[in-house]
Amino acid sequence: MNNTYLKFGLLILAFIALPFIVNAVPYLGPSWVRILGFAMLYVLLALGLNIVIGYAGLLDMGYIGFYAVGAYLYALLSSPHLSMAGLAAGVMNWPIWLIIPMAAALAGLCGVLLGAPVLKLRGDYLAIVTLGFGEIIRIFMNNLDQPVNVTNGPQGISSIAPIHIDAGAWSYAAGEAPHALFSLHSKWSLFGLQVTPVINYYLFFLLIVIFAIVMSKRLENSRIGRAWMALREDEVAAEAMGLNKRNIKLLAFGMGATFGGVSGSLFASYQGFVSPESFTLMESIMVLAMVVLGGMGSIRGVVLGALVLSVMPELFRDLVNWVQPVIMDNVTFISRDVLRNILDASTLRMLAFGIALVLVMRFRPEGLWPSGRRRAELHDKDDDPEAKTLGSSASAEASKAGRSTSTVHFHRGEAKA
Amino acid sequence: MVPVGVLPARDALYEETLVEAQLNVLMQQILNGLVLGSIYALVALGYTMVYGIIGLINFAHGEVVMVGAMVTISVLTMLMGFGMSAGVLTLLFALMIACVICMLLAQGMEKFAYRPLRKAPRLTPLILAIGISIILQNAAMMIWGRGYKTFPEVIEIHPVNFLGATLTNVQLSIMVISVVIMFGLWVLVDKTKLGKAMRATAQNQEVAGLMGININRIISATFLIGAALGSIAGVMRAINYGQADAYMGLLLGLKAFSAAVLGGIGNLFGAMAGGILLGLIESLAAGYMGQVTDGFLGSNYQDIFAFMVLVLVLLVRPNGLMGERMADRA
Amino acid sequence: MRFQAFGLKFLMAALAVGVTAGTAAADDAEVIKIGFAGPLTGPSAHQGQDVEHGVSIAIDEANEQKLKIGTTPVRFKLVSEDDAGDPRTGTSVAQRLVDAGVAVVIGHYNSGTSIPASKIYADAGIPQISPSATNPMLTNQGIGSVFRVVNDDATLGRYAGDYIVDKLGAKRVAVIDDRTAYGQGLADEVVKAVKAAKGDVVVREYTNDKATDFNAILTTAKAKNVDLVFFAALDYQAAPMAKQMKNLGLTAKFMNIGNLPNDDFQKMAGSAAEGVYAWNYGMPLQDMPRGAAFEQKLKAKFGTGVVQSSPFAYDATWAAISAMVKAQSAEPAKYLPALKASSYDGVTGAIAFDDKGNLKNAAATVFQFQGGKWNTLSIERGKQQQNAGL
């Protein structure tokens, strides 16, 4: 027990020290701290999606919609946009301790609204419909500048205030600036170390991530968590045991969504600018990949997946940018245009991502750092002689019914659910 | 925005011409929708056949369609560069090559990716399919670049007046060919031995195997047919709009899959009907939605009409319009 | 103790090497870094590379002239970053440039990346000159150190709208945009201008930047008897729209603002390209006073001609360099006033900024595709005084 706390504590200390180290390394510097900040946001997203996919087994491919909701809420309540659109009297300046819970609540509500119509749908249908919902949210954000300019359409909302605390009013006239008692956008020093705004944000995000991890852990081991897992393993049996399928599913969507909403509002303050371009289908798939590649249902796996998948692309890009001129200069038998097509950093990055997805799903579907149970589930039939002799039909039946093959012995008699 | 142009004096003739004009517009939108829908239907068939037989959304099918289009363009450009004359035969020749490549691609996917994962829980092959889709998209970008590739002018396009609307000869051909292909597919599935085997496998894989059907061969055949249909659809799309690019497969695939679900997954007629219906809905909605909702929803929402319709239909009829045709799965 | 001794020796060695290397470099020239940010990969890579080329040529010229700032000889160095056209990458790239200690940033290419990045530059006090970002919001944020050397969309929209009604005589206009930040901003301005010129926007429709099927929208336009269809989008969408107009028998004129005119358009649109109108920022290369010379230099160094924005990037760079020389300092705080007061003739025309940082008397050219090539119809300028708000 003490050992775990000690390990956890050391880990947290390492993460706190990380930005200072990165800042100081000459090759890396503040832009990499910025990347770490974004990585924290993705960890938060991955934790939220982990609740939906990992605990409850509901395939949500439109998760980024909640991120968008949280981001736009913060943007609207902390920027001059509403006053420019004529919808509010002054520049909005709502306090952070109100906006973040509001974002969580609003996203949670959206999650429940999303979940309600799709309760009866099976896995694959659920995937497509949630994907559709994600796109619907994005397109609405892109077009809600008429008849009333709510989101400013494709131009996005800019001049979003950084996270700050002030004693002032909740809105102020344009031209005035509020006096912020404390803002993340300031520099200060701690024990002789220079703490820049980027580091401030990172530390704040780290704090929220730690809170989210604790919450996830508590959820996992709670009654609700167990109910989710029961639902994931076998819906019919769960219902037979007296669980209210509808409520549990809605709760999963809702709780997962709240993480997304909080992450979104933090994102808006960090980037200072939100536009529908940041909430595409590819982002949803990225977060999905983080959860799946890391290990569905396993908090440590999910955190690892998020960190890796948000930092890797940057590393990759630097690598390609470094390699590209060397190759371009030395490989002369292939034409410039062809080489440029092949050595394009973003294309290569996505290609590597796709290959990683395929390889992991093919050979290690339980993810990089899964819970032991999950690994056993997915590789159980590797050691099971009976599964092999009966051809694959027995376990095929079991998995067709959506059940894990570790219980193949109990379910062989029933071909259908 | 009500048109305020110069109108003839109000009389019976005016009323008649106004109504006729409106009808012509409607007919045009409908025909546009049918052309769009034919392409969706062909792609939807690929999705529905694979889903019907192994319960998998072949996410990468849209990319196969894209590859069909891009390969055809490349081959055509090459052939015409060699001096082959423009014309239908050249197009068919290029199309054949593209078909073969797409079929090889689908076969590869099936053998190396999907077959080993047939027993895995649902999520795994789905994500693998997403991965394959991403690989194909980016590989296409590496081969053909990120820009749009223009479809070479092999066929002369001239407009045709049809029931008061203007179509091109190509569009008309697309509709006709789609119908022919769909009919052919129906004959294949309903009347031939292969079709019977496919239906049996879709109903119950285990028992079909016991009856002596080579499951793997049948599943491969399904993928191959789907890929062939997809490549034809890709070429149709490319020729209709005059261009193709590496991104075109994704959205097309999503919409076509929605169409397949709309009609009832696993059900061939459902896919055909769903595809055509979706095309019509998109066209009519893009044309009239602005007027109907007084500017609130307009043609900018065109892409999500597909999803909105899908959600509505699934709410009311979870098995799609024409009902599912699959083995009972939990 | 040992470590400290080692460290001291190392430091001394490094200093020694540094000093000798410095003197061996034969110029005590101070190196001034000029930052460039733009899409070097991704869909706009072609354009971004073009901009980079323009900056590079300007820097080469400045180095050839062995300029002095105050009394110190200086050498300019290009620090180039790729933002892939993505706003998020744009902000992290902006941070990198700031960290690298650049004296000015030429960039970004897209408005969607320039605007969020401008915050970062503003915080660091580094002037930003964009050769191509045309969204009016860029200079409306109240940052005193952001400039552009092209006209913005408000101006261009006004020119286009006036031209449509006054010169082309179109009374019933359809306006379509691709719902991107660029297209929508431009289209809205055109709508305003058409209405102000007493024209009638009878159809206002939208699509998205990936669509290629416009039949439904065009059918509506045909039903409403429009005289002209205006489409704010890029060439890969303008081409299918032109074709579909032809196929549907819609005989209205077609005007597009995006990245036309370019040489690929005829390939893409085939016979439907005939008669299409297009606008471009600035003047045509052959009309620019030193345009031909510039293109020659570009071809000599990079092997390709001008794509679109390289002359503007060249002017932007030179504006910064001239201001530094004039103010005798490369420190942003010191040379900013000189930059604001710039007034000289660049490759693209007269360079002078108004108090918001927009180009004064910006020109725009309207072309028509006739007989297989783009013909200049008219060069408009000078109507941008009322640049109020967005």
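Keep in mind the model is a prediction, meaning the values are calculated, not measured.

S.K.: How should I be thinking about the overall build of chain B in this particular structure?
M.R.: A tally of regular secondary structure across chain B gives 11 helices and four strands. Its C-alpha atoms give chain B a radius of gyration of 21 Å, within 12% of the compact-globule value 20 Å for 330 residues. Counting only C-alpha atoms and orienting by the principal axes, one finds that chain B spans roughly 75 × 55 × 35 Å. Among the 330 residues that make up chain B, the fraction classed as buried is 58%. Sequence separation of 24 or more characterises 76% of the internal contacts of chain B that already satisfy a separation of 6 or more.

S.K.: For this particular structure, what's the right way to read the overall build of chain A?
M.R.: The number of helices and strands found in chain A is 18 helices and six strands. When each of the 417 residues of chain A is scored for burial, the buried share is 55%. Considering only contacts within chain A whose residues lie at least 6 apart along the sequence, 70% involve residues at least 24 apart. Summing over all exposed atoms, chain A offers an accessible surface of approximately 17700 Å²; the carbon and sulfur share of this is 67%.

S.K.: Before we go on, may I ask you to explain the sheet that holds strand 5 (residues 128–130) of chain C in this structure?
M.R.: Hydrogen bonds along the backbone pair up the strands of a sheet, which may run parallel or antiparallel. All names here are of chain C. Across the sheet, which stays open at both edges, the six strands sit in the order 2-3-1-4-5-6 with mixed pairing between neighbours. Lying at the two open borders of the sheet, with one neighbouring strand each, are strand 2 (68–69) and strand 6 (146–148). Relative to strand 6, strand 5 is paired through three bridges, and the arrangement is parallel. Residue pairing across strands places Ser130 opposite Arg148, the latter belonging to strand 6. The strands touched by helix 3 (residues 87–99) are strand 1 (30–38), strand 3 (72–82) and strand 4 (104–107); relative to strand 3, the strand with the most contacts, the crossing angle is about 155°. Along the sheet face, helix 11 (residues 310–327) touches strand 1, strand 2, strand 3, strand 4 and strand 5 and points at about 165° away from the line of strand 4.

S.K.: What should I look at first to understand the interface of chain A and chain B in this one?
M.R.: Bring the parts together and some accessible area is lost; that lost area is often taken as the interface size. Listed as interface residues are 54 residues of chain A and, on the opposing side, 52 residues of chain B. Both faces considered, chain A and chain B share a buried interface measuring about 4900 Å² in area, 73% of it formed by carbon and sulfur atoms. Across the chain A-chain B interface, the total number found is zero salt bridges. Counting across the chain A and chain B interface gives two residue pairs in polar contact (both at pLDDT 80 or more). Among the elements that make up the side of chain A that touches chain B, the one with the highest residue count is helix 6 (residues 123–143) of chain A (13 residues). A per-class count over the side of chain A that touches chain B returns 35 nonpolar, nine polar and 10 charged.

S.K.: What's the story with the sheet that holds strand 15 (residues 373–381) of chain C in this structure? I'm lost.
M.R.: Residue and element names in this part refer to chain C. Spatially, the seven strands line up as an open sheet ordered 8-7-9-10-11-14-15, and their pairing is mixed. Every other strand in the sheet has two partners, leaving strand 8 (200–206) and strand 15 as the edge strands with one partner each. Along the sheet, successive strands turn relative to each other by an average axial angle of 20°, direction set aside. Sheet topology places strand 10 (residues 253–257) next to strand 11 (residues 277–281); three bridges connect them, and they run parallel. Counted as the bridge partner of Ile257 is Trp279 from strand 11.

S.K.: Help me understand the environment of Gln47 of chain C in this model?
M.R.: Residues and elements named next belong to chain C. The residue Gln47 is located in helix 2 (residues 45–64) in this model. Relative accessible area serves as the criterion here: at 11%, Gln47 is assigned to the buried category. Separated by 261 residues in sequence, Gln47 and Gln308 have C-alpha atoms that sit 7.0 Å apart. Leaving out residues up to four positions away in the same chain, Gln47 has contacts with Tyr109, Asn259, Val307 and Gln308. Side-chain polar atoms of Gln47 contact the side chain of Tyr109, separated by 3.5 Å.

S.K.: Please clarify how the packing of helix 2 (residues 30–55) of chain A against helix 3 of chain C should be interpreted in this entry.
M.R.: The axes of two packed helices give the description: the angle between them and the distance between them. At a minimum axis separation of 8 Å, helix 2 of chain A and helix 3 of chain C run at an interaxial angle of 150°. Considering the angle they form, helix 2 of chain A stands roughly antiparallel to helix 3 of chain C. In this structure, helix 2 of chain A uses Pro30, Ser31, Trp32, Arg34, Phe38 and Tyr42 of chain A to contact helix 3 of chain C, whose residues at the interface are Arg88, Thr91, Ser92, Gln95, Arg96 and Asp99 of chain C. For the contact of helix 2 of chain A with helix 3 of chain C, the per-class residue count stands at four nonpolar, four polar and four charged.

S.K.: Help me understand the packing of aromatic side chains in this model?
M.R.: All names here are of chain A. Evaluated as defined, the whole model comprises 23 aromatic pairs over all chains. Consider the rings of Tyr201 and Tyr270, whose centres lie 5.2 Å apart with planes at 50°: the pair is tilted. On the criterion of sequence distance, the pair formed by Tyr201 in helix 7 (residues 197–220) and Tyr270 in helix 10 (residues 245–271) is long-range, its members being 69 residues apart. Tyr270 shares its class with Tyr201; the two are buried. Each residue in the set Phe38, Tyr67, Tyr72, Tyr201, Phe205, Phe267, Tyr270 and Phe279 is aromatic and connected to the rest through ring pairs, giving one cluster. Positioned over the ring face of Tyr270 is Arg34, at 5.2 Å from the centre of the ring.

S.K.: Whenever I open this one, the side chain of Gln184 of chain C confuses me. Can you help?
M.R.: Summarising the element assignment, Gln184 of chain C is placed in helix 6 (residues 181–196). Ignoring sequence-local partners within four residues, the contact set of Gln184 of chain C consists of Asp145, Pro154 and Gln155 of chain A together with Asp177, Asp178, Arg179 and Arg204 of chain C.

S.K.: Before we go on, may I ask you to explain a nonpolar patch on the surface in this structure?
M.R.: Residues and elements named next belong to chain A. Where nonpolar side chains cluster on the molecular surface, the patch consists of Leu304, Val308, Met312, Leu315, Leu368 and Trp369 and spans about 490 Å² of accessible area. Relative to the assigned elements, Trp369 resides in the loop between helix 14 (345–363) and helix 15 (372–383). For Trp369, a relative accessible area of 39% corresponds to the partly exposed category.

S.K.: I would appreciate a short explanation of the pattern of salt bridges in the present structure.
M.R.: Where charged atoms of side chains with opposite charge meet at close range, the side chains can pair. Overall, the coordinates contain 22 salt bridges over all chains when judged by the stated rule. For Lys249 of chain A, the salt bridge identified is with Glu235 of chain A, shortest N-O distance 3.3 Å. Highlighted residues: Lys249 of chain A in helix 10 and Glu235 of chain A in helix 9 (residues 235–240), separated in sequence by 14 residues. Between Arg96 of chain C and Glu81 of chain C there is a salt bridge whose closest N-O contact spans 3.3 Å.

S.K.: Would you mind going over the interface of chain B and chain C with me for this structure?
M.R.: Taken together, the 30 residues of chain B in the interface contact 30 residues of chain C. A buried area of about 2700 Å², summed over both sides, lies between chain B and chain C, and 51% of it is on carbon and sulfur atoms. At the boundary of chain B with chain C, the tally comes to zero salt bridges. For the side of chain B that touches chain C, the secondary structure elements donating two or more residues are helix 1 (12–54), strand 3 (165–168), helix 8 (215–241), helix 10 (268–292) and helix 11 (302–316) of chain B.

S.K.: Teacher, can you tell me more about helix 8 (residues 235–248) of chain C here?
M.R.: The periodicity of an α-helix, 3.6 residues per turn, causes residues three or four places apart in sequence to face the same way. Residues and elements named next belong to chain C. With 14 residues, helix 8 ought to run about 20 Å at 1.5 Å a step, and its terminal C-alpha atoms sit 20 Å apart, in line with that. Burial runs high along helix 8: 13 of the 14 residues are buried. In the stretch just after helix 8, Gly249 is the one whose phi turns positive, near 80°.

S.K.: Explain the side chain of Asn215 of chain C here, please?
M.R.: Within the secondary structure layout, Asn215 of chain C lies in helix 7 (residues 215–223). In this structure, Asn215 of chain C is in contact with Gln29, Asn32 and Gln171 of chain B together with Gln244 and Leu248 of chain C, ignoring residues within four places of it in sequence.

Cut-offs applied
- Residues numbered from 1 in each chain as written.
- Chains lettered and ligands numbered in written order.
- Predicted model: local features only at pLDDT ≥ 70, side-chain atom pairs only at ≥ 80, totals over all residues.
- Heavy atoms only, no water.
- Helix = DSSP H or I, 4+ residues; strand = E, 2+ residues; numbered from the N terminus.
- Rg over C-alpha atoms; globule rule 2.2 N^0.38 Å.
- Buried < 20%, exposed > 50% of the residue type's maximum accessible area, 1.4 Å probe, protein only.
- Contact = heavy atoms within 4.5 Å.
- Areas by Shrake-Rupley, 256 points an atom, 1.4 Å probe, with all protein chains shown as cover.
- Pairing = 2+ DSSP bridges.
- Axes fitted to C-alpha atoms, helices over the stretch in contact; angles between N-to-C directions.
- Buried area = accessible area lost by both parts, 1.4 Å probe.
- Salt bridge = Lys/Arg side-chain N within 4 Å of Asp/Glu carboxyl O.
- Polar contact = N/O pair within 3.5 Å; in protein donor to acceptor, adjacent residues only side chain to side chain.
- Nonpolar A, V, L, I, M, F, W, Y, C, P; charged D, E, K, R; others polar.
- Parallel < 35°, antiparallel > 145°, perpendicular 65-115°, else oblique.
- Phe/Tyr/Trp six-rings, centres within 6.5 Å; stacked < 30°, edge-to-face > 60°.
- Lys NZ or Arg CZ within 6 Å of the ring centre and 35° of its normal.
- Patch = residues over 30% accessible without salt bridge, like charges linked within 9 Å, V, L, I, M, F, W, Y side chains within 5 Å.
- Expected span 1.5 Å × (residues − 1).

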